[in-house]
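Here is how the chains run, residue by residue.
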Amino acid sequence: MISVESYIELLKEKNLWVSDQSITSSMLISGKPETDSRILKKEDVFICIKGLKSDGHNYVKHARAIGIQLIVLEDEYQDDMPAIRVRNSRKAAALLSKLYFNNPTEKFTLIGVTGTNGKTTTSMLIWQALTDMGLRTGWIGTLGYIVDSEIIETNNTTPDILELNGIFAQMVEAGSQYVVMEVSSHALALDRVYGLSFDIAIFLNLSRDHLDFHKDMTDYFESKYILFKNTLDNGGKCIINSDDEQGNIIVTRNAQTMRQSLVTVSEISGDVTIIDYKSSLSGSEINIRFDNNSETTLSTELIGHFNILNLTMAVTTIKVLFPDINNAAIKHIAMGLKPVRGRLEKVSNSFRRGIFVDYAHTPDALKNVLETLIDLPHRRLLVVFGAGGDRDKGKRSDMLREVLHYSDATIITDDNPRFENPNQIIMDVVGDNDLWKPWWIIRDRETAIKVMLKLSQENDIILIAGKGHETYQEISGIKYPFDDVKIAGDACKDNLDSKINNGELSLPIHPLMLELLYNKPSQFNPDIDCVANCLYKHISTDSRNINPDSVYFAIKGENYDGHDYIDKVLEDNTCCAISSIVTTEKQRTFCYSDTQDALGLLAKKYLLMFSVFKIALTGSTGKTTTKEYIANIFSVKGPVLKTVANENNIIGLSKTIFRVHPEHKTAVFELGTNHFGEIETLADICNPDLGIITNIGPSHLEFLNDESGVYSEKTALFRREITTIIYPGDDNRFSEFATSGKSVGYSNACSFQISDVIIKGRFTEIVLNGSHWKIPQLVPFLTTNSSFAIACAIESGISDIQIQEGLLKTLDLQMRMEILQDRNRTIIMDCYNANPVSMNAALEFWYSYFPENPHVAILGDMLELGEKSIDYHENISAKLQQMGFDALFTIGKLSMHYADSGFSNKRDSYAYQHFQDVDEFINSKVIFSQPDNAVILIKASHGLHLEKIKRIFENNSDASVSKNSSGKE
């Protein structure tokens, strides 16, 4: 029982009493102070608090109705029942609670820890240290509170003052000698700790946070300062991080009158000074000097700069509490301290990854954690994080900015959306950050964690930030079970290095990613379609074989328009479509002016998330062969992604990029063009680290006009930020790149000079810069192609042994100087492409191949040569007249110019016949009348489809295709 007179006396002492009514000196209260009208009992004292969401004064009538004995309020009295009017009912609640629980904080040493970041870790370390010293210690903070080593959860970092005093009473009953508690700015501003006498107050740092509650940073700091003013006024001591700007203000304000009560901690000069430290994945060592000039080295399992400060604050607290403790004891204490759950907590795994879970959810906290991790040995630093709903929105884009500054790739995901729209939270996180940085959106947090772990490779560090110790995810007021540590741990039970199956994307696509990429809202019902687990796992440009969960790009081609099939695609409600036709009728549709460009933009953004070394090459001839040599060499070091077949335009390049997997070490992209601006676009999509141009010749002149146009278009690959460029050194036009690149060729000025080419049996030996390299091909022009590949490998740091091993691998070159044997006939298939340069090279090889045998040429048109097309074909006619051969067959419209009037060759007699198309040639069966030992060259641009002739031999039971050896059998 407590007399009401005691309440009034205490309130008057603290200048909170205004007046009272209907109070008698004999009034006794058996119940406790209470601020929640929902749990009132008639014997309690009801204290009316004006809260952020409700006002206790609105429930006075309810309190009277249940027969409450006494009401404490700020407003004027509503009736004549017993009541006390006060200036501040929050502070009144604190004092009355303290009186009710018999002033529990006077019975132990109370230590308060505050700061934007590190409160939980520092307070838990102090609790651990005191407990390890055999002292009965309680703890209160974000995780709940601890009495007798049992942890009990609470709703707030610092509980309500009534609940807080009840907890203190439990701790007194348990015999606690010390209590360590986190003190939040909310608690200080809302008087949740009013009237408590702290013996030690600790200031860690101050950075942007809680500006949804505080009006500005000054208000935020002044709320924190309440703790230190009250502690000093009550004769306590303050431990201050004086390196922090706001911490230094605390010291400055009290330097004249209270300096003896201040203990400064600094990395420059303080009462306690951190001299230096070093961290690894397993722990840290800290050299520290105390005010008596004694230095000691502490070893700890904790890692990182911010944990060094947290630990130093903890051991400084022990030194303040026990001034006579020696350094050996401090070293022993530090060695025994364990990392705090959810604070840079390491997830054990057997895949050689450093996986950490941390509570960091402010820009400064993320910066601190990332600065710690980036200093540790690692390959890449990967981050998964989100922002909580119903909290300071202004910090969200700053969080991503900090993450992008330190990380190599980031996935933005849901945190605790609470009652806020999760899509809008992510939009706020993205804010004005650069779209072309390596960040991605996967809203479903479990999927985001698992995807990032699959994207990781050996020696990567993965940070999962924002929720830390929390074992729930709060969505629309409901807390669903969710534990970052458990999710990551369970994912590590699978094989993180296993490949994605069924042709799925390694990185699934959320609709928000498409909306941001195309800068236009999608035709989505946000309540139905754009949910957290809505993810697309496939890319398609062909509606005939589309998979579920696909993004379909409606591309308009020469013979079809993909827009005609959008309705069919959208019949599967797991798919969406990208259209260039603006419509409000079709759901799950994104609009963009050019769907090919839209495909390229997505591929560009997608590729940013992978750590692959990117090589791009172009040229008039030889780029495919060079690509294959490069791919073979780099495959010795690890898996290689490469352009397949003729997929060297924007659609093909994009398809190649979407095949990238985390395990790919190198990507080799072939870039083709027939219009101005295409190379620039393709290079922008793949953003290569190394670029190669094999040569410049008369190709695609229909739109590029002449060789000057070809040169201008191809060299767009070099006119960008690129680390390494390699160019043909025998072409004087490339002299402008002499200081910025490396050249390959036969001239003395070349960076990589071909000085000799020697045929030895089944091999060609190339002497490049004095070193000898073997290739298992006998085609002369492959010498230059392989030399480009060797130069590329050397510039990329690949060893000579690995280069030679790669050169000896089989080339994957269908229809490029492909050797086919039919009985004793030798067929040289080279009908993938044709221009004057490649036609001349093929004719020279054909002419020198078994020169004593009969030679037959089946030649088709060279396409896309523009206005001078006939001239270029007549030039080939001149070449043929210099050669000796037995038969010439021409196919197409232009190829008849290979045998203009007056045509002859060195042989006394030869056969000649022209055909309008390949089918007419096949039907003539003239091919089978050629000599059994003939060497037959089949060459034309791909548009002539001379590859059909190959099927004749493949269907012949006696025919067999060699594996692109391009060498004599």
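All of these numbers come straight from a predicted model, not from anything done at the bench.

1. Regarding the overall build of the protein chain
Consideration 1: A count of helices and strands for the protein chain gives 29 helices and 46 strands.
Consideration 2: In terms of overall dimensions, the protein chain has a C-alpha envelope of 140 × 70 × 45 Å along the principal axes.
Consideration 3: Counting over 969 residues, the protein chain shows a buried share of 56%.
Consideration 4: For the protein chain, the share of sequence-separated contacts (at least 6 apart) that also reach a separation of at least 24 residues comes to 68%.
Consideration 5: As displayed, the protein chain offers around 39,800 Å² of accessible surface, 46% of which is attributable to carbon and sulfur atoms.

2. Some remarks on the environment of aspartate 55
Consideration 1: Mapped onto the elements, aspartate 55 comes out in the loop between β5 (45-47) and α2 (60-65).
Consideration 2: Along the primary structure aspartate 55 and alanine 255 are separated by 200 residues, whereas in three dimensions their C-alpha atoms are 41 Å apart.
Consideration 3: In this structure aspartate 55 touches Ile49 and Lys50, once residues within four positions along its chain are discounted.
Consideration 4: Side chain to side chain, aspartate 55 and histidine 57 meet in a polar contact 2.7 Å long.

3. Here's the deal with helix α12 (residues 396-406)
Consideration 1: If you check which residues of α12 are buried, you get Arg396, Ser397, Met399, Leu400, Val403, Leu404 and Tyr406.
Consideration 2: Summarising the contacts, the buried residues of α12 are in contact with α11 (363-374), β21 (381-385), β22 (409-412), α13 (422-430) and β23 (439-441).

4. Some words on the packing of helix α9 (residues 305-321) against helix α10 (residues 327-336)
Consideration 1: Two elements in contact, α9 and α10, have axes whose closest approach is 11 Å; the angle formed by their N-to-C orientations is 135°. If you check the angle between α9 and α10, you find them oblique. Pair α9 / α10 crosses with right-handed handedness. Contacts between α9 and α10 involve Leu311, Val315, Ile318 and Lys319 from the first element and Asn327, Ile330, Ile333 and Ala334 from the second.
Consideration 2: Class assignment of the residues belonging to the contact of α9 with α10 gives a composition of 6 nonpolar, 1 polar and 1 charged.

5. A closer look at the pattern of salt bridges
Consideration 1: If you walk through the whole model with that rule in mind, you get 41 salt bridges.
Consideration 2: Between aspartate 398 and arginine 401 there is a salt bridge, with the nearest N and O atoms lying 2.7 Å from each other. One end of the pair, aspartate 398, and the other, arginine 401, are both in helix α12, 3 residues apart, so they sit about a helical turn from each other.
Consideration 3: In this structure, lysine 879 and glutamate 844 form a salt bridge, with 2.8 Å as the shortest nitrogen-oxygen distance.

6. Section: unusual backbone geometry
Consideration 1: The phi dihedral of serine 476 falls on the positive side, at around 50°, and the residue is not glycine.
Consideration 2: By the secondary structure assignment, serine 476 is in the loop between β25 (472-475) and β26 (478-481).
Consideration 3: Positive phi values are uncommon outside glycine, yet aspartate 549 reaches one of about 60°.
Consideration 4: With respect to the secondary-structure elements, aspartate 549 resides in the loop between β27 (538-540) and β28 (550-553).

7. Quick look at the sheet that holds strand β35 (residues 724-728)
Consideration 1: Taken in spatial order, the 9 strands line up as β32-β33-β31-β34-β35-β36-β37-β38-β39 in an open sheet, and their pairing is mixed. Only two strands of the sheet have a single neighbouring strand rather than two, namely β32 (640-642) and β39 (771-775). Here the strands of the sheet are splayed against their neighbours by 20° on average, with no regard to which way each runs.
Consideration 2: Alignment of strand β34 (residues 690-693) against β35, held across 3 bridges, turns out to be parallel. By the bridge assignment for β35, leucine 690 is matched with threonine 724.

8. Quick look at helix α14 (residues 445-455)
Consideration 1: Here α14 has its buried residues at Arg445, Ala448, Ile449, Val451, Met452, Leu453 and Leu455.
Consideration 2: If you follow the buried residues of α14, they end up packed against β20 (354-358), β21, β22, β24 (461-465), β25 and α15 (484-491).

9. Some words on the packing of aromatic side chains
Consideration 1: Inspection of every chain in the model, using the stated rule, returns 22 aromatic pairs.
Consideration 2: With a centroid separation of 5.1 Å and 55° between ring planes, the pair formed by phenylalanine 845 and tyrosine 849 is classed as tilted. Tyrosine 849 matches phenylalanine 845 in its accessibility class, with the two residues each being buried.
Consideration 3: One aromatic cluster is present, built from ring pairs that chain together Tyr711, Phe718, Tyr727, Phe734 and Phe737.
Consideration 4: Residue placement shows lysine 12 over the ring face of tryptophan 17; its charged tip is 4.3 Å from the ring centre.
Consideration 5: Its guanidinium or amino end placed over the ring of phenylalanine 290, lysine 319 lies 4.8 Å from that ring's centre, counting from NZ or CZ.

10. Notes on the confidence of the model for the protein chain
Consideration 1: In the predicted model, the protein chain carries a mean pLDDT of 90, and the fraction of residues at 70 or more is 95%.
Consideration 2: For residues 957-969, every residue scores under 50 in pLDDT, and the model assigns this stretch 39 contacts once sequence neighbours within four places are set aside.

11. Comments concerning the sheet that holds β22
Consideration 1: Pairing in this open sheet of 6 strands is mixed, and the strands run β19-β20-β24-β21-β22-β23 from one edge to the other. Whereas interior strands pair on both sides, the edge strands pair on one side only; in this sheet they are β19 (345-347) and β23. In this sheet, neighbouring strand axes are inclined to one another by 20° on average, regardless of whether the strands run parallel or antiparallel.
Consideration 2: As paired strands, β21 and β22 are joined by 4 bridges and run parallel to one another. Pairing of valine 383 across the sheet is with threonine 410, part of β22.
Consideration 3: Sheet strands touched by α12: β21, β22 and β23. Its angle to β21, the strand with the most contacts, is close to 165°.

12. So, the nonpolar core
Inside soluble globular proteins, nonpolar side chains tend to come together where they are buried.
Consideration 1: Counting 167 residues, the largest nonpolar core has Phe385, Ile411, Trp440 and Leu671 as its most contacted members.
Consideration 2: If you tally residues by element for this core, the top one is helix α24 (residues 782-795), at 7 residues.
Consideration 3: Counting 57 residues, the second-largest nonpolar core is a separate cluster that includes Leu11, Ala92, Val179 and Phe221.

13. Concerning the environment of isoleucine 240
Consideration 1: Note that isoleucine 240 resides in strand β14 (residues 237-241).
Consideration 2: Taking the relative accessible area as the measure of exposure, isoleucine 240 reaches 0% and is therefore buried.
Consideration 3: Look past the residues within four positions of isoleucine 240 in its chain and what remains in contact with it is Phe203, Phe228, Gly247, Ile250, Val251, Leu262, Val263, Thr264, Val265 and Met313.

Definitions and limits used
- Residues numbered from 1 in each chain as written.
- Predicted model: local features only at pLDDT ≥ 70, side-chain atom pairs only at ≥ 80, totals over all residues.
- Heavy atoms only, no water.
- Helix = DSSP H or I, 4+ residues; strand = E, 2+ residues; numbered from the N terminus.
- Buried < 20%, exposed > 50% of the residue type's maximum accessible area, 1.4 Å probe, protein only.
- Contact = heavy atoms within 4.5 Å.
- Areas by Shrake-Rupley, 256 points an atom, 1.4 Å probe, with all protein chains shown as cover.
- Polar contact = N/O pair within 3.5 Å; in protein donor to acceptor, adjacent residues only side chain to side chain.
- Axes fitted to C-alpha atoms, helices over the stretch in contact; angles between N-to-C directions.
- Parallel < 35°, antiparallel > 145°, perpendicular 65-115°, else oblique.
- Left-handed = near helix turned anticlockwise from the far one by under 90°.
- Nonpolar A, V, L, I, M, F, W, Y, C, P; charged D, E, K, R; others polar.
- Salt bridge = Lys/Arg side-chain N within 4 Å of Asp/Glu carboxyl O.
- Pairing = 2+ DSSP bridges.
- Phe/Tyr/Trp six-rings, centres within 6.5 Å; stacked < 30°, edge-to-face > 60°.
- Lys NZ or Arg CZ within 6 Å of the ring centre and 35° of its normal.
- pLDDT = per-residue confidence, 0-100.
- Core = buried A, V, L, I, M, F, W, Y, C linked by side-chain atoms within 4.5 Å.

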